[in-house]
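Here is what each chain is made of, one letter per residue.
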Amino acid sequence: MENNSLVSIANLSGEQLKYLLAMGREFEKCPNRKILDGKLVATLFFEPSTRTRLSFETAANRLGARVIGFTDPKVTSSTKGETLKDTIMMVSNYADVIVMRHYLEGAALWATEVSPVPIVNAGDGSNQHPTQTLLDLYTIQQTQGRLEDLNICIVGDLKYGRTVHSLIMAMRHFNPKFQFVAPRELSLPEEYKRYCQEQHISFEETERFDSSSIADADIIYMTRVQRERFTDLMEYERVKDVYILQRDMLGQTKDNMKILHPLPRVNEIAQDVDDDPHAYYFQQAKNGLYMREAVLCNALGYTLDDVRVEK
Amino acid sequence: MSKQLQVAAIQNGTVIDHIPNEKLVEVVRLLHLERLPNSSIMIGYNLNSEQLGHKSLIKVSNHYFSKEELDTLCIAIPNATLSIIEDYQIKEKRAFDMPSDFDNIVVCPNPMCITNNEPMPTKFHYCADKKVLKCHYCGKEVETDEVRFTK
């Protein structure tokens, strides 16, 4: 992690991932601490994302930091043509760490190259969203007691789903077995299948989504099949109700199985699944707070020992 | 077969040989040969070649190209050869070595890449196993024969 910035999940080793998860566990034990008292966190959202921003700002506030920033680039000088570099240079005069979401791919990496303060990538276009992946990993470990040797069934939009691609990359360290369930139009791109082969990750692909296709799963990771992703709307009409997780599909699943979703959900998980003990997506979102507390502390140079509850 | 040179020799300078005919105009443009007022430049087009059937070559007197210019040629004409001439003798002859990094030479084909929206240099890494260039910023991969150059 160059200058403690967090840009991408791809370059983190298994040890680095586990280290950050261990930091997250300390914040789960005790989320309200004044570790960052006197620090200033800037949240620059060049693209609106209420849920991610609230999670980062909550993390900063619970650690005693103060927060500045913008939630809508329309009110900033970037609409006047100010470059990202100039915005970053200006804000880095004020803040100790910059959390940024940008609509352009590679924006966060460029920001780390010009910024004297650490950058935390809160999503850059369809490229990377590393804190989402960290909270996914945290949740997998929390519910399964481990990250290694798990059966993970990923359902829905595997073509455009940024969270799906990052999850595959992050899990490469932990010998997973993936089942990719998607309509043909939204199946996993060839480059990621090649990636799995290069990394010796075993996977199966299927278009079928029913109780038998999820029977062996330890984790079911649901994503949304969006209408606007289809070139052929007839195809969308054919599959739109296929990739919905219904409560009656959960009868044969393993006891330890948990259902995750990056949220927001629309209709891909039926409402009555929320009451099933396998549902875990709201707790998963809560874990985002702990992991963002960990990421902010790590970016500011605090170590795992610094943040341990019992020293 | 006659050993007579198809293009006259130069005393000192650079020879770029084994250029595919269809790449000649692009190479002339990439090297900005029109900006070399102190060099005699000889361009041979559609010459006989044992290796290629037909080829082009460029001889530039009293001029040696920069690393950046030669890096550009690595992508445009990877199988060409470069000779440095001193006093009519070949002082050095070599193939173009593909560098691992290309700084501000290649345009990223991804319109949503930060490099296409911010006044900044581009950066690409060469992946030898896949024979593609990969954008340092957005990760987009581009085949070497589909590259667009910054200049």
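In this text, all values refer to a predicted model and were calculated from it rather than measured experimentally. Counting restarts for each chain: residues are numbered from 1 in the order of the written sequence. Note on labels: chains are lettered from A, ligands numbered from 1, in written order. Since the coordinates come from a predicted model, pLDDT governs what is reported: local features require at least 70, and pairs of side-chain atoms require 80 or more to be given and counted, while whole-chain, interface and lining totals use all residues. Heavy atoms from the whole structure form the basis of all side-chain values; hydrogens and water molecules are not counted.

**Q** Could you give me a rundown of the overall build of chain A, with the residues and numbers involved?
**A** Regarding its fold elements, chain A presents ten helices and nine strands. Taking 2.2 N^0.38 as the reference for a compact globule, 311 residues should give roughly 19 Å; the C-alpha atoms of chain A span a radius of gyration of 20 Å, in line with that estimate. With the principal axes as the frame, chain A shows a C-alpha extent of 55 × 50 × 40 Å. Counting across all 311 residues of chain A, residues that qualify as buried make up 59%. Working rule for contacts: check all heavy atoms of both residues, and any pair within 4.5 Å makes them a contact. Considering only contacts in chain A between residues 6 or more positions apart, those separated by 24 or more positions represent 74%. Calculation of accessible area relied on Shrake-Rupley with a 1.4 Å probe; when residues are assessed, cover is drawn exclusively from the protein chains displayed. Carbon and sulfur atoms provide 45% of the accessible area of chain A, an area that totals close to 13,400 Å². Within this scheme the basic residues Lys and Arg register as positive and the acidic residues Asp and Glu register as negative, but His and the chain ends are omitted. Where a charge lies is defined by one atom per residue type, namely NZ (Lys), CZ (Arg), CG (Asp) and CD (Glu). Side chains of chain A give 36 positive and 44 negative charges; the mean places of these two sets differ by 4 Å. What counts as a helix is a DSSP run of H or I of at least four residues, what counts as a strand is a run of E of at least two, and both are numbered from the N terminus. Radius of gyration: C-alpha atoms only; globule rule: 2.2 Å multiplied by the number of residues to the exponent 0.38. Exposure categories follow from relative accessible area, calculated using a 1.4 Å probe and restricted to protein chains: below 20% of the type maximum is buried, above 50% is exposed, and the middle band is partly exposed.

**Q** Before we move on, could you go through the sheet that holds strand β2 (residues 66-70) of chain A and cite the residues and values that matter?
**A** All names here are of chain A. Taking strand neighbours across the sheet as the criterion, the four strands line up as β2-β1-β3-β4 in an open arrangement whose pairing is parallel. Of all the strands in the sheet, the pair left with one neighbour each is β2 and β4 (119-124). In this sheet, neighbouring strand axes are inclined to one another by 15° on average, regardless of whether the strands run parallel or antiparallel. In the packing of helix α3 (residues 84-92) onto the sheet, contacts are made with β1 (40-45), β3 (97-102) and β4, and the angle to β3 comes to roughly 155°. Two strands make a pair as long as DSSP finds a minimum of two bridges between them. Axis geometry follows a simple rule: fit a line to the C-alpha atoms, using only the stretch in contact for helices, then measure angles between N-to-C directions, giving values from 0 to 180 degrees.

**Q** Break down the environment of Arg94(B) for me, with residues and values.
**A** Residue and element names in this part refer to chain B. The topology assignment puts Arg-94 in strand β5 (residues 89-95). In the structure, Arg-94 is positioned 39 residues away from Leu-133 in sequence and 22 Å away in space, judged by C-alpha atoms. Not counting the four nearest positions on each side in its chain, Arg-94 is found in contact with Leu-70, Thr-81 and Leu-82. Within the structure, Arg-94 has its side chain in polar contact with the side chain of Glu-92 (distance 2.9 Å). Polar contacts here mean pairs of N or O atoms no more than 3.5 Å apart (in protein, one a potential hydrogen donor and the other a potential acceptor; neighbouring residues in sequence count only if both atoms are side-chain atoms).

**Q** Could you give an account of the pairing of strand β9 (residues 132-135) of chain B, naming the residues involved and the relevant values?
**A** Residues and elements named next belong to chain B. Of the strand pairs in this sheet, strand β8 (residues 123-127) and β9 are connected by four bridges, and their pairing is antiparallel. Across the sheet, residue Tyr-126 finds its bridge partner in β9, namely Leu-133. Pairing of β9 with strand β10 (residues 141-143) involves three bridges; the strand directions are antiparallel. Bridge pairing in β10 links Lys-134 to Glu-141. With antiparallel pairing between neighbouring strands as the criterion, β9 and β10 make up a hairpin whose turn holds five residues, including Gly-139 at a positive phi of roughly 85°.

**Q** Give me the lowdown on the interface of chain A and chain B, citing residues and values where you can.
**A** Contact with chain A, which involves twelve residues of that partner, is made by twelve residues of chain B. Taken together, both faces of the contact between chain A and chain B bury some 1,100 Å²; the carbon and sulfur share is 56%. Joining two parts hides part of their accessible area as seen by a 1.4 Å probe, and the buried area is that hidden amount summed over both. If you sort the residues of chain A by the area they bury against chain B, Leu104(A), Glu105(A) and Trp110(A) come out on top, with a joint share of 48%. For the pair chain A and chain B, the interface holds eight residue pairs in polar contact (both at pLDDT 80 or more). In terms of residue count, helix α4 (residues 107-114) of chain A provides more of the side of chain A that touches chain B than any other element does, four residues in total. Residues of the side of chain A that touches chain B, tallied by class, amount to six nonpolar, three polar and three charged. Here the term charged refers only to Asp, Glu, Lys and Arg, the term nonpolar to Ala, Val, Leu, Ile, Met, Phe, Trp, Tyr, Cys and Pro, and the term polar to all other amino acids, Gly among them.

**Q** For the domain arrangement of chain A, give the residues involved together with the corresponding values.
**A** All names here are of chain A. For the purposes of this description, domain bounds are those given by an automatic or database domain assignment. Considered domain by domain, chain A is made up of domain 1 (2-128 + 288-307) and domain 2 (131-285). On the domain 2 side, the residues contacting the 29 residues of domain 1 number 22 residues. Across the domain 1 to domain 2 interface the summed buried area is about 2,000 Å²; carbon plus sulfur atoms make up 60%. The term salt bridge refers to a pairing of a side-chain nitrogen on Lys or Arg with a carboxyl oxygen on Asp or Glu at a separation within 4 Å. Put simply, domain 1 and domain 2 have one salt bridge between them. Viewed at the interface, domain 2 and domain 1 are joined by ten residue pairs in polar contact (both at pLDDT 80 or more).

**Q** Kindly report on a nonpolar patch on the surface, identifying the contributing residues and their values.
**A** What makes a patch is a set of residues exposed beyond 30% relative accessible area and free of salt bridges, joined within 9 Å when like-charged and within 5 Å when nonpolar (Val, Leu, Ile, Met, Phe, Trp, Tyr). A surface patch of nonpolar side chains, amounting to about 280 Å² of accessible area, comprises Ile68(A), Met90(A) and Tyr94(A). Mapped onto the secondary structure, Met90(A) falls in helix α3.

**Q** With reference to specific residues and values, describe the pairing of β3(A).
**A** All names here are of chain A. Among the six residues of β3, six are classified as buried, and the element is accordingly described as predominantly covered. A two-sided burial pattern is seen for β3, the buried positions comprising Val-97, Val-99 and Arg-101 on one face and Ile-98, Met-100 and His-102 on the other. By the bridge criterion, four bridges tie β3 to β4 in an arrangement that is parallel. Across the sheet, the residue bridging to His-102 is Asp-124, located in β4. A clockwise path from the first strand over the helix to the second, with the strands pointing away from the viewer, defines a right-handed crossover. For the handedness criterion, the β-α-β arrangement of β3, α4 and β4 is classed as right-handed.

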